[in-house]
Amino acid sequence: MNMIWLAILVLSSVALVAVLVRQRLSLAWIRNFAIHFVLAAAVLYVLNFSGLIPNIYIPLNPVTIGTVVVLGVPGIALIAGVQYLIV
């Protein structure tokens, strides 16, 4: 049963990549997302090591960076608030 799920995952991933490569709009979207992803990671890195937010360390992982990509500055505030409340 696991081999069936693995085959479905591989085939659907290949089909998704094929669709994204064939459409120029998708390539522009992927490029813009990648640029925003890198910029969000850089901003989080600078915030972590500059000390602008004292006593809060925001980990650099795909979830936190994706939140900042989608929400922007409010995403940074959201993650900092969650980090402050939990830790």
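In this text the structure is predicted, and so the values were computed from the model without any measurement.

Caption draft 1: Seen up close, the packing of helix H3 (residues 62-71) against helix H4 (residues 73-86). Put simply, H3 and H4 touch, their axes get as near as 6 Å, and they point 140° apart. Regarding the angle of H3 to H4, the classification is oblique. Only Val73, Pro74, Gly75, Ile76, Leu78 and Ile79 of H4 make contact with H3, whose side of the interface consists of Thr64, Thr67, Val68 and Leu71. Class assignment of the residues belonging to the contact of H3 with H4 gives a composition of seven nonpolar, three polar and no charged.

Caption draft 2: Structural view of H3. Considered for burial, the residues of H3 that qualify are Thr64, Ile65, Gly66 and Val68. Backbone geometry just after H3 places Gly72 at a positive phi near 75°.

Caption draft 3: Structural view of unusual backbone geometry. In the Ramachandran plot, Asn55 falls in the positive-phi region, its phi being about 65° despite a non-glycine side chain. In this structure, Asn55 sits in the loop between helix H2 (24-50) and H3.

Caption draft 4: Examining a nonpolar patch on the surface more closely. On the surface, a cluster of nonpolar side chains totalling about 930 Å² of accessible area is made up of Val70, Leu71, Leu78, Val82, Tyr84, Leu85, Ile86 and Val87. Elements represented by at least two residues in the nonpolar patch include exactly H3 and H4. With five residues, the top contributor of residues to the nonpolar patch is H4. Structurally, Val82 can be placed in helix H4. Judged by relative accessible area, Val82 falls into the partly exposed class, the value being 39%.

Caption draft 5: Representation of the packing of aromatic side chains within the structure. One pass over the full model with this rule turns up three aromatic pairs. A ring pair is formed by Trp29 and Phe33, whose centres lie 5.7 Å apart and whose planes are at 10°; its orientation type is stacked. Placement of both Trp29 and Phe33 in helix H2 is noted, with a separation of four residues, approximately one turn of the helix. Classification of Phe33 by relative accessible area gives partly exposed; the value is 35%. Seen in terms of ring centroids, Phe33 and Phe37 are 6.0 Å apart; in terms of plane orientation they differ by 40°. Their pairing is tilted. With Phe33 and Phe37 both in helix H2, this residue pair falls four residues apart, about one helical turn. Among the aromatic residues, ring-to-ring pairing joins Trp29, Phe33 and Phe37 into one connected group.

Reading the values: the criteria
Residues numbered from 1 in each chain as written. Predicted model: local features only at pLDDT ≥ 70, side-chain atom pairs only at ≥ 80, totals over all residues. Heavy atoms only, no water. Axes fitted to C-alpha atoms, helices over the stretch in contact; angles between N-to-C directions. Helix = DSSP H or I, 4+ residues; strand = E, 2+ residues; numbered from the N terminus. Parallel < 35°, antiparallel > 145°, perpendicular 65-115°, else oblique. Contact = heavy atoms within 4.5 Å. Nonpolar A, V, L, I, M, F, W, Y, C, P; charged D, E, K, R; others polar. Buried < 20%, exposed > 50% of the residue type's maximum accessible area, 1.4 Å probe, protein only. Patch = residues over 30% accessible without salt bridge, like charges linked within 9 Å, V, L, I, M, F, W, Y side chains within 5 Å. Areas by Shrake-Rupley, 256 points an atom, 1.4 Å probe, with all protein chains shown as cover. Salt bridge = Lys/Arg side-chain N within 4 Å of Asp/Glu carboxyl O. Phe/Tyr/Trp six-rings, centres within 6.5 Å; stacked < 30°, edge-to-face > 60°.

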